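Chain by chain, the residues:
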Amino acid sequence: MTKQSASASVEVGVDPLTAFRVFTDDIDLWWVRGPINFFDSARAVGMKIEPGVGGRILEVYQPATETTTEDVLVLGEITVWEPGERFAYRSEVDDTETRIDFEAFNGGTRVTVEQTLRQGGEKAFYFWPNVIHWFPSWIARHDSAPGEPRELDRLAIALYYEDPAAAARWLHTVFGLDSWDKIPAEGGHPDWLELHVGRRAILLFKLAEHPVSERPVDHAIWVYVDDLDAHFTRSSAYGAKIVAEIHQHGYRRYEAEDLEGHRWTFAQARPTMS
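What counts and what doesn't
Residues numbered from 1 in each chain as written. Predicted model: local features only at pLDDT ≥ 70, side-chain atom pairs only at ≥ 80, totals over all residues. Heavy atoms only, no water. Helix = DSSP H or I, 4+ residues; strand = E, 2+ residues; numbered from the N terminus. Rg over C-alpha atoms; globule rule 2.2 N^0.38 Å. Buried < 20%, exposed > 50% of the residue type's maximum accessible area, 1.4 Å probe, protein only. Areas by Shrake-Rupley, 256 points an atom, 1.4 Å probe, with all protein chains shown as cover. Lys, Arg positive; Asp, Glu negative; His and termini not counted. Charge placed at Lys NZ, Arg CZ, Asp CG, Glu CD. Pairing = 2+ DSSP bridges. Axes fitted to C-alpha atoms, helices over the stretch in contact; angles between N-to-C directions. Contact = heavy atoms within 4.5 Å. Core = buried A, V, L, I, M, F, W, Y, C linked by side-chain atoms within 4.5 Å. Expected span 1.5 Å × (residues − 1). 1 Å grid on protein atoms, 1.4 Å probe; cavity = no way out; pocket = protein on both sides within 12 Å on 5 of 7 lines; lining within 4 Å. Points joined across faces, edges and corners; volume = space filled by probe spheres on them.

Draft legend 1. Representation of the overall build of the protein chain within the structure. Counting its regular elements, the protein chain contains six helices and 14 strands. What you see for the protein chain is a C-alpha radius of gyration of 20 Å, in line with the 19 Å of a compact globule of 274 residues. Projected onto the principal axes, the alpha-carbon positions of the protein chain cover approximately 60 × 50 × 45 Å. Residues counted as buried form 45% of the 274 residues belonging to the protein chain. Working note: accessible area of the protein chain is about 14200 Å², and carbon and sulfur atoms make up 51% of it. Distance between charge centroids for the protein chain: 1 Å, based on 27 positive and 44 negative side chains.

Draft legend 2. The arrangement of the sheet that holds strand β11 (residues 219-225) in detail. With respect to topology, seven strands assemble into an open sheet ordered β9-β10-β8-β11-β14-β13-β12, the strand pairing being mixed. This sheet does not close on itself; its edge strands, each paired only once, are β9 (193-197) and β12 (241-248). On average, each strand axis in the sheet is inclined to that of its neighbour by 20°, with strand direction left out of account. Here five bridges tie strand β8 (residues 155-161) to strand β10 (residues 200-206), and the two strands are oriented parallel to one another. Bridge assignment links Y160 to a residue of β10, and that residue is F205. In the packing of helix α5 (residues 164-175) onto the sheet, the strands contacted are β8, β9 and β10, and the crossing angle to β10 comes to about 140°.

Draft legend 3. Structural detail: the sheet that holds strand β7 (residues 108-117). The seven strands lie next to each other as β1-β7-β6-β5-β4-β3-β2, forming an open sheet whose pairing is antiparallel. Of all the strands in the sheet, just β1 (5-12) and β2 (46-49) have a single pairing partner and so form its edges. Averaged over all pairs of adjacent strands, the angle between their axes in this sheet comes to 20°, without regard to strand direction. By the bridge criterion, six bridges tie strand β4 (residues 71-82) to strand β5 (residues 86-91) in an arrangement that is antiparallel. Paired with V80 across the two strands is A88, which belongs to β5. Contacting β1, β2, β4, β5, β6 (96-105) and β7, helix α1 (residues 16-25) runs over the sheet at an angle of about 145° to β6.

Draft legend 4. The arrangement of the nonpolar core in detail. Counting residues in each nonpolar core, the largest one holds 53 residues, and the members touching the most others are F23, W30, W31, F87, V111, W128 and W222. Core analysis: the next-biggest nonpolar cluster, separate from the first, contains eight residues, L177, L195, I202 and L204 among them.

Draft legend 5. Highlighting α5. Here α5 spans 15 Å end to end across 12 residues, near enough to the 16 Å set by a 1.5 Å rise per residue. Within α5 the residues assigned to the buried category are P164, A165, A167, A168, R169 and L171. Positive phi appears at G176, one or two residues downstream of α5, with a value of about 75°.

Draft legend 6. Structural detail: the layout of surface pockets. Taken as a whole, the largest pocket holds about 1000 Å³ of empty space. Along its surface, the largest pocket is lined by 32 residues, and I36, N37, F127, N130 and W192 are the ones closest to its centre. Contributing elements (two or more residues each) for the lining of the largest pocket: α3 (128-131) and β9.

Here it is, written out as structure tokens:
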């Protein structure tokens, strides 16, 4: 049975009107451009919120120019727009409605998001309770950070643990590694975990969820390439062992092993990746 709602709150050290403005105006700056954070990560160049009732929440694939039209995925249409207090929208990619409230709290603002499955609805992508946790770190660096989106590097490392959440807490506490997202609390077991060193990501996965190999896989290298299909053809032709052919779930990727059995994941780079 599909759960009926999901919610989460964060606290930021600015007033509600500023929090509302930064949240909506700067969404493309604080949105983490990870591989699973778009519906079509390989094509995405940004996020956008059009202000006012009737405005749209957009995943942008190609901005409009003098010679081309805007290419976007419409995530939803805004139904409530009250600057400094709240906004809400009705999703066009699933059967949910989302409301985000900005409430004065302890000299700052508590930002609360709630996604609710519409009556009679069946499909729900409850991503906002995870996304909201990216916002405080952007607020904290908003005045000193450059006005550019945080884009990940083309090279990442994946590590496999029996308990990825416990590993994230240990790596954070002992080695001082941090995350653009959040370090999971005790009892939390998110499906996707990223730590970050500068623009590079360290991905943490559960050992049992990795495909069976001839020898245990405890790490892998991730590389983002410009033409995944051509890269797959080359790897196959030159003798790489293909573990998983090209598939897509928000991002396109395939997995292969090299001549000594090391695991590699190749993913389609976004147009904005340098």
